[in-house]
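Architecture at a glance
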Amino acid sequence: LVYNYSKSVTQGGSRTWDIKQDSHGIMYFGNSEGLLTFDGRYWKTFSLPNHTNIRSIWIDANDRIYVGGQGDFGYFERSAQSGLTYRSLKDLVPAEYRSFADVWNTVGVGQSVFFRGTNVIFELKGQKIQVHPAAVEWYYMGQSGGRLYAQDKQHGLLEFRDNKWTPFIKDLPFKEVKIAALMPFGQDRMLLSTLNNETYVLKDRTLTRLNRQDWDGSYTPSLAHIDDSTFVVGNAKEGCHIRNMAGNTI
């Protein structure tokens, strides 16, 4: 069964940017009205201090909910009094980098949590923020198999290794197109999708294009693993496309 929850029920905004689940099964939605939570019965809304969008979510092993907003980023923690309380991390950012817009990706890898804006990636480690400015513009950031990757407009796909960004694939076949998602795909491969409905297998730093036959260039902002033979792509024109490992929609 599929249950549909309208805005009148969720009390959220029209658009949801990210979805995550904690160890207790509670769902969290990065929404245009803030952070929405759903425990299977009740919906609640928690706003950022500046009452803007939440674009990205990452939840650590202790169920601390890190979020990237608009002009702010930080985390929510459980509170006996109010459910969730928010702690902004913006005050830890060096003064010259405190003016930023949307934080599109939030990812935890190792002992650090990374927050990607357009011009800068912030790395939280302990109680300190390290700043990673973009060469031109950060297009994407995400982790696959415990490794952190980011796409830069000029330098292509980079890997974060030994506390610095190193080239992984410089000459991407999609120069001006942003990566939507990157995830493990078997033992030694990854699956890479773009925002314009292209899907690639990445192996030995080589990209092999899938789904050429039914490619239509439509907006595809999300990708998720189903099982060892299928994955799902969110398509703005036609809902969800479930595809096999050849990239064909089934």
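Predicted model only: the values in this text are computed from it and were never measured.

1. A closer look at the overall build of the protein
Looking only at helices and strands, the protein features 1 helix and 23 strands. Taking 2.2 N^0.38 as the reference for a compact globule, 250 residues should give roughly 18 Å; the C-alpha atoms of the protein span a radius of gyration of 18 Å, in line with that estimate. In terms of overall dimensions, the protein has a C-alpha envelope of 55 × 50 × 30 Å along the principal axes. By the burial criterion, 49% of the 250 residues in the protein qualify as buried. Accessible area of the protein: about 13200 Å², with a carbon and sulfur share of 47%. Averaging the positions of the 28 positive and the 26 negative side-chain charges in the protein gives two centres separated by 2 Å.

2. Some remarks on the pairing of strand E12 (residues 128-133)
Strand direction decides the pairing type here: strand E11 (residues 120-125) and E12, joined by 6 bridges, are antiparallel. In the strand pairing of E12, Val120 is matched with Pro133. The loop that links E11 with its antiparallel partner E12 comprises 2 residues; one of these, Gly126, has a positive phi angle of about 70°.

3. Quick look at the packing of aromatic side chains
Scanning the model with the defined rule gives 19 aromatic pairs in all. An aromatic cluster is present here, built from Trp58, Tyr66, Phe73, Tyr75, Phe100, Phe115 and Phe122 joined pairwise through their rings. Looking at Arg64, its charged tip hangs above the ring of Tyr75, at a distance of 3.9 Å from the centre. Just above the ring of Phe100 sits the side chain of Lys90; from NZ or CZ to the centre is 5.4 Å.

4. Quick notes on the sheet that holds strand E16 (residues 164-169)
Pairing within the open sheet is antiparallel, and its 4 strands lie in the order E13-E14-E15-E16. With partners counted over all chains shown, the strands left at the sheet margins are strand E13 (138-144) and E16, one partner each. Ignoring strand direction, the axes of neighbouring strands in this sheet form an average angle of 30°. Where strand E15 (residues 156-161) meets E16, 5 bridges bridge the pair, whose relative direction is antiparallel. Bridging across to E16, Phe160 finds its partner in Trp165.

5. A few points about the pattern of salt bridges
The final tally for this structure, using the stated rule, is 10 salt bridges. Of the charged contacts, one joins Asp188 and Lys203 as a salt bridge, the two residues approaching to 3.7 Å between their closest N and O atoms. In this pair, Asp188 is assigned in the loop between strand E17 (179-184) and strand E18 (190-194) and Lys203 in strand E19 (residues 199-203), connecting sequence segments 15 residues apart. Residue Asp188 is classed as partly exposed on the basis of its relative accessible area of 46%. Residue class for Lys203 comes out partly exposed when judged on its relative accessible area of 36%. Several salt bridges share partner residues, and in doing so they unite Arg147, Glu159 and Arg161 into one network.

6. Looking at unusual backbone geometry
A positive phi angle is found at Asp204, which is not glycine, with a value near 50°. Topologically, Asp204 is positioned in the loop between E19 and strand E20 (206-210). Here Arg205, not a glycine, exhibits a phi torsion of approximately 60°, which is positive. With respect to the helices and strands, Arg205 occurs in the loop between E19 and E20. Taking the relative accessible area as the measure of exposure, Arg205 reaches 41% and is therefore partly exposed.

7. Quick look at the pairing of strand E14 (residues 147-152)
Burial within E14 is extensive, with 5 of its 6 residues counted as buried. As paired strands, E13 and E14 are joined by 6 bridges and run antiparallel to one another. Bridged to Met141 within E14 is Ala150. Counted along the chain from E13 to the antiparallel partner E14, the turn is 2 residues long, and its residue Gly145 has a positive phi close to 65°. Between E14 and E15, which pair antiparallel in sequence order, lie 3 residues.

8. So, the sheet that holds strand E22 (residues 230-235)
Strand order in the open sheet made by the 3 strands is E21-E22-E23, with antiparallel pairing throughout. The outermost strands of the open sheet, each flanked by one partner alone, are strand E21 (222-225) and strand E23 (239-244). For this sheet, the mean inter-axis angle between neighbouring strands, taken without regard to orientation, is 25°. Where E21 meets E22, 4 bridges bridge the pair, whose relative direction is antiparallel. The residue of E22 that forms the bridge with Ser222 is Gly234.

Basis of the calculations
- Residues numbered from 1 in each chain as written.
- Predicted model: local features only at pLDDT ≥ 70, side-chain atom pairs only at ≥ 80, totals over all residues.
- Heavy atoms only, no water.
- Helix = DSSP H or I, 4+ residues; strand = E, 2+ residues; numbered from the N terminus.
- Rg over C-alpha atoms; globule rule 2.2 N^0.38 Å.
- Buried < 20%, exposed > 50% of the residue type's maximum accessible area, 1.4 Å probe, protein only.
- Areas by Shrake-Rupley, 256 points an atom, 1.4 Å probe, with all protein chains shown as cover.
- Lys, Arg positive; Asp, Glu negative; His and termini not counted.
- Charge placed at Lys NZ, Arg CZ, Asp CG, Glu CD.
- Pairing = 2+ DSSP bridges.
- Phe/Tyr/Trp six-rings, centres within 6.5 Å; stacked < 30°, edge-to-face > 60°.
- Lys NZ or Arg CZ within 6 Å of the ring centre and 35° of its normal.
- Axes fitted to C-alpha atoms, helices over the stretch in contact; angles between N-to-C directions.
- Salt bridge = Lys/Arg side-chain N within 4 Å of Asp/Glu carboxyl O.

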